[in-house]
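What the coordinates show
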Amino acid sequence: GQQVMQIPQYQHVQEGEDFTTYCNSSTTLSNIQWYKQRPGGHPVFLIQLVKSGEVKKQKRLTFQFGEAKKNSSLHITATQTTDVGTYFCAARSNDYKLSFGAGTTVTVRA
Amino acid sequence: DTEVTQTPKHLVMGMTNKKSLKCEQHMGHRAMYWYKQKAKKPPELMFVYSYEKLSINESVPSRFSPECPNSSLLNLHLHALQPEDSALYLCASSLGQTYNEQFFGPGTRLTVL
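Residues numbered from 1 in each chain as written. Chains lettered and ligands numbered in written order. Predicted model: local features only at pLDDT ≥ 70, side-chain atom pairs only at ≥ 80, totals over all residues. Heavy atoms only, no water.

Moving on: the sheet that holds strand E8 (residues 73-79) of chain B. Residue and element names in this part refer to chain B. With antiparallel pairing, the 4 strands of this open sheet are ordered in space as E1-E3-E8-E7. Strand pairing shows two members of the sheet lacking a second neighbour, strand E1 (4-7) and strand E7 (64-70), which therefore form its edges. Strand-to-strand twist in this sheet, taken as the mean axis angle between neighbours without regard to direction, amounts to 20 degrees. Alignment of strand E3 (residues 18-25) against E8, held across 7 bridges, turns out to be antiparallel. For Cys 23, the partnering residue across the bridge sits in E8 and is Leu 74. (Pairing = 2+ DSSP bridges. Helix = DSSP H or I, 4+ residues; strand = E, 2+ residues; numbered from the N terminus. Axes fitted to C-alpha atoms, helices over the stretch in contact; angles between N-to-C directions.)

The structure is reproduced here in structure tokens:
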């Protein structure tokens, strides 16, 4: 499957601060998806990016797809306790298999 | 109905037991998936069914046997598992295999003694 590297593995954030998690691939991706998994929960689809340089926003979350379609980022502004969880990027290979990055686990200090 | 359901939520079994995990969706999705997720790791794809036919088997040991009785149901039959098979088993579905958004069920937390 498509290999995607995700950093950082852990992100400890003060409530109200911003942070960014990154996803990188050595090959061009057809698209990239982002999922969130709350502690004890299951992955929930957040968004899919398809176009080069695409930027999509969901309230305080901003998702970006690189111009070369080899990297993506998720930026969260004014972090809240509800943002706690693990954020995974995922890329689909030509045979439609979805491969997940290692995930960024976010904890928030109140 | 926009959810994927899985039963049981928790399962403890011995290495000689035979058990089955069940997954159901009523969203009209034609692709269904089994994933295995170990603690602090991402989900790993095991099997994909497309239109009730096995489409992808990610070299999973034969002690895991998937079954898709109809377009809404997906089973995973377990036999002679090993302690290292203990994990969260997630079922997911999507509109079709070429559609990207996957809807995950809550998972079955499996412990093999």
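So that's the structure; there's more coming.
Residues and elements named next belong to chain B. Bridge analysis of E7 against E8 gives 5 bridges, and the strand direction is antiparallel. Note that in E8 the partner of Asn 70 across the bridge is Leu 73. Remark: 2 residues form the turn of the hairpin made by E7 and E8, two consecutive strands paired antiparallel.

All right, on to the state of the cysteines then. Enumeration according to the criterion identifies 2 disulfides over all chains in this entry. Across a sulfur-sulfur distance of 1.9 Å, A:Cys23 and A:Cys89 are joined as a disulfide pair. Taking the torsion about the sulfur-sulfur bond, which here is approximately 70 degrees, the covalent link between A:Cys23 and A:Cys89 counts as right-handed. On the criterion of sequence distance, the pair formed by A:Cys23 in strand E3 (residues 19-24) and A:Cys89 in strand E9 (residues 85-92) is long-range, its members being 66 residues apart. Covalent S-S linkage joins B:Cys23 and B:Cys91, the inter-sulfur distance amounting to 1.9 Å. Taking the sign of the S-S torsion, about -70 degrees here, the bridge from B:Cys23 to B:Cys91 comes out left-handed. Linking B:Cys23 in strand E3 with B:Cys91 in strand E9 (residues 87-94), this pair joins segments that are 68 residues apart in sequence. Of the two residues, B:Cys23 and B:Cys91, neither departs from the other in class, the shared state being buried. (Disulfide = S-S within 2.5 Å. Buried < 20%, exposed > 50% of the residue type's maximum accessible area, 1.4 Å probe, protein only.)

This brings us to the interface of chain B and chain A. Much of the literature gives interface size as the accessible area that the parts lose upon coming together. Taken together, the 20 residues of chain B in the interface contact 19 residues of chain A. Between chain B and chain A lies a buried interface of about 1600 Å² when both sides are counted; carbon and sulfur atoms form 56% of it. Three residues stand out in chain B for area buried against chain A, namely B:Pro42, B:Asn100 and B:Phe104, and they jointly supply 33% of the buried area on that side. Linking chain B with chain A are 1 salt bridge, by the criterion used here. B:Glu58 is the partner of A:Lys97 in a salt bridge, and the nearest nitrogen-oxygen pair spans 2.8 Å. Put simply, chain B and chain A have 5 residue pairs in polar contact (both at pLDDT 80 or more) between them. (Contact = heavy atoms within 4.5 Å. Buried area = accessible area lost by both parts, 1.4 Å probe. Salt bridge = Lys/Arg side-chain N within 4 Å of Asp/Glu carboxyl O. Polar contact = N/O pair within 3.5 Å; in protein donor to acceptor, adjacent residues only side chain to side chain.)

So, on to the sheet that holds strand E8 (residues 71-76) of chain A. All names here are of chain A. Here we have 5 strands laid out as an open sheet, ordered E1-E3-E8-E7-E6, and antiparallel in their pairing. Of all the strands in the sheet, just strand E1 (5-7) and strand E6 (55-58) have a single pairing partner and so form its edges. On average, adjacent strands in this sheet sit at an angle of 15 degrees to one another, irrespective of strand direction. Relative to E8, strand E7 (residues 61-65) runs antiparallel, the two being bridged by 5 bridges. Counterpart to Phe 63 in the pairing with E8 is Leu 74.

Functional significance is not addressed by these values, which are geometric in nature.
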